[in-house]
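Chain and residue survey
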Amino acid sequence: MNKDLTSGNPQKVLWAFCLPLFGSIIFQQLYNIADSLVAGKFIGENALAAVGNSYNVTLIYIAFAFGCNIGCSVIVSQFFGAKDYLRMKTSVYTTLIASSVLCLFLMAAGFLLCSPLLVLMKTQPEIMADSQLYLRIYIWGLPFLFFYNIATGIFSALGDSKTPFIFLAFSSTANILVDILFVKTFAMGVAGVAWATFLCQGISCVLSVLLVLRRLAAIKTSEKYSLFSWELFKRISIIAVPSIMQQSFISVGNIMIQGCINGFGVSVAAGYAAAVKLNNLVITSFSTIGNGMSNYTAQNIGAKIYPRVREGFKAGLKLVWTLCIPLCFLYICLGKYLLLLFMDQSSAKALETGRQFLWILSPFYFAISAKLIADGILRGAGAMKEFVVATFTDLTLRVILAFVFSGILGSATGIWLAWPVGWLIATVISLFYYRRLFAVRS
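Below is a short write-up of the structure.

Here we look at the nonpolar core
Nonpolar side chains tend toward joint burial in soluble globular proteins. Of all hydrophobic cores here, the largest spans 120 residues; its most connected members are Leu142, Phe286, Phe357, Tyr365, Ile415, Trp416 and Trp419. In this structure, Ala39, Val51, Tyr134 and Ile137 belong to the second largest nonpolar core, which totals 11 residues.

In structure tokens:
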């Protein structure tokens with residue numbers, strides 16, 4: 001069901017809208033977590049390291065898909081809030097056409113560059129073949145990744161966060177079962193986890209796109225909409241490109257950091273591969289709630305109801321901090337048992353690496369979640385310059401400090417310490433820009 005986010009109690013509206021988004025991203029992350037879990041448990045430590053190693057390259061593709069998602073979602077939200085359904089539909093089809101071209105280009109680039117990227121990351125010889133195999137299969141599934149993300153962005157723009165949740169709940173559960181079937185029963189190795197993701201994400205993509213087209217057809221317009229608009233393409237790109245740059249820079253930074261981590265051996269790389277999946281589960285969940293804030297902000301700005309945005313910020317902050325409390329407890333107190341889902345007790349060094357990573361990062365989830373809520377509002381308001389400054393400060397600091405701290409300490413601990421520093425400084429910047437923007441619009 002489509003939902004207007006411009007009326008009703010802001011806290012109730014946001015919580016009802018964002019909690020299914022939170023649930024959706026939990027299931028979305030199960031795709032990657034399932035791959036690592038099955039690889040580590042049923043194949044071995046090298047397979048876990050290979051999947052984790054490849055994950056940093058797949059994040060580049062996810063960055064582009066995410067940018068298309070948020071660019072379309074924000075513009076569609078603004079038109080939906082303003083009841084301009086004609087341009088809303090044109091925005092959707094413009095995104096689908098432009099994304100198709102982009103996806104084909106990225107697939108070609110991926111097949112040419114995946115091996116050089118793995119070499120750049122100082123991938124160990126014993127995991128190189130499996131890393132290459134996983135990536136090549138993943139690249140074949142890029143159209144599914146792109147169109148699924150665009151579909152979920154449209155659902156969110158229309159105020160519907162429950163439909164993506166239902167799709168992901170079923171497809172992610174199926175992915176775990178198919179992972180185990182392909183790896184344990186059919187003995188397909190790393191290829192099995194890659195093909196399982198390809199298959200389940202493909203089915204989810206097709207069903208979600210068909211439902212989006214049906215939902216759009218039910219919204220009547222007074223005249224025929226255009227399939228493509230250069231003017232709307234430009235508006236979408238203004239939102240999408242900085243978001244792509246943000247996520248891409250994260251990916252490039254992660255590749256550089258992964259090269260530093262690989263220098264400490266396969267066991268450290270395997271421990272990081274498991275722990276970073278747990279960390280990304282949390283950060284991506286907060287980012288998704290931030291995306292919900294973008295939709296909420298865009299609809300209310302489209303309707304010119306600025307005070308609701310400020311009320312929404314307080315409600316969003318309360319939501320993410322409520323989620324931070326159990327997550328911090330879980331990772332600090334029970335992190336070892338979560339990591340054992342990916343490995344066994346014999347991987348002592350990998351296990352200790354993962355535990356240390358979670359202990360250092362998880363207390364700072366309160367800071368990064370506040371930043372992501374503020375960033376979501378900045379993006380929904382179209383304040384992309386401010387958004388880019390806050391984001392790139394965090395990313396640049398984390399990459400530089402990872403090398404500096406690890407060099408000083410002579411261990412991977414220095415890499416983990418770079419995260420909180422970058423998060424804290426960037427959070428101050430994001431909150432400053434949010435307060436300045438909405439002091440002006442009050």
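Moving on, there is more to tell.
With respect to the packing of aromatic side chains
To describe a pair of aromatic rings, you give the distance between the ring centres and the angle between the ring planes. Counted under the stated rule, the structure contains 19 aromatic pairs. Residues Phe357 and Trp416 carry aromatic rings whose centres are separated by 5.1 Å and whose planes lie at 85° to one another, so their mutual orientation is edge-to-face. Highlighted residues: Phe357 in helix α11 (residues 348-361) and Trp416 in helix α14 (residues 413-440), separated in sequence by 59 residues. Of the two residues, Phe357 and Trp416, both sit in the buried class.

Concerning the environment of Phe111
Of note, Phe111 is situated in helix α3 (residues 85-120). Looking at Phe111, the relative accessible area reads 30%, which means it is partly exposed. Put simply, Phe111 and Ala348 are 237 residues apart on the chain and 36 Å apart in space, counted from C-alpha to C-alpha. Residue contacts for Phe111: discarding those within four places in its chain leaves Arg136, Ile139 and Trp140.

Quick notes on the pattern of salt bridges
With the rule as written, the count across this model stands at 4 salt bridges. Among the salt bridges present, the one from Asp84 reaches Arg87, with a minimum N-O distance of 3.1 Å. Of the residues examined, Arg87 reaches a relative accessible area of 31% and is grouped as partly exposed. For Glu231, the salt bridge is made with Arg87, and the minimal N-O distance between the two is 3.7 Å. Residue Glu231 is found in helix α8 (residues 230-262), and its partner Arg87 is found in helix α3; the two are separated by 144 residues along the sequence. Glu231 sits in the partly exposed class, given a relative accessible area of 43%. Each of Asp84, Arg87 and Glu231 takes part in a single network of salt bridges with overlapping partners.

Reading the values: rules and limits
Numbering of residues starts from 1 in every chain and runs along the sequence as written. Confidence filtering applies because this is a predicted model: local features only for residues at pLDDT of at least 70, side-chain atom pairs given and counted only at 80 or more, and all residues used for totals across whole chains, interfaces and linings. Computation of side-chain values covers all heavy atoms of the structure but excludes hydrogens and water. Only buried residues count toward a nonpolar core, which is a set of Ala, Val, Leu, Ile, Met, Phe, Trp, Tyr and Cys residues joined through side-chain atoms within 4.5 Å. Only protein chains enter the calculation, and the probe is 1.4 Å; a residue is then buried if its accessible area is under 20% of its type maximum, exposed if over 50%, and partly exposed in between. In this analysis, rings of Phe, Tyr and Trp, with Trp reduced to its six-membered ring, are considered paired at centre separations within 6.5 Å, and the interplanar angle assigns stacked below 30 degrees, edge-to-face beyond 60, and tilted for intermediate values. A run of H or I in DSSP becomes a helix once it reaches four residues, and a run of E becomes a strand once it reaches two; helices and strands are each numbered from the N terminus. Residues are treated as being in contact if the distance between any of their heavy atoms lies within 4.5 Å. Salt bridges are identified by distance alone: a Lys or Arg side-chain nitrogen within 4 Å of an Asp or Glu carboxyl oxygen.

Interpretation in functional terms is not warranted from these geometric data alone.
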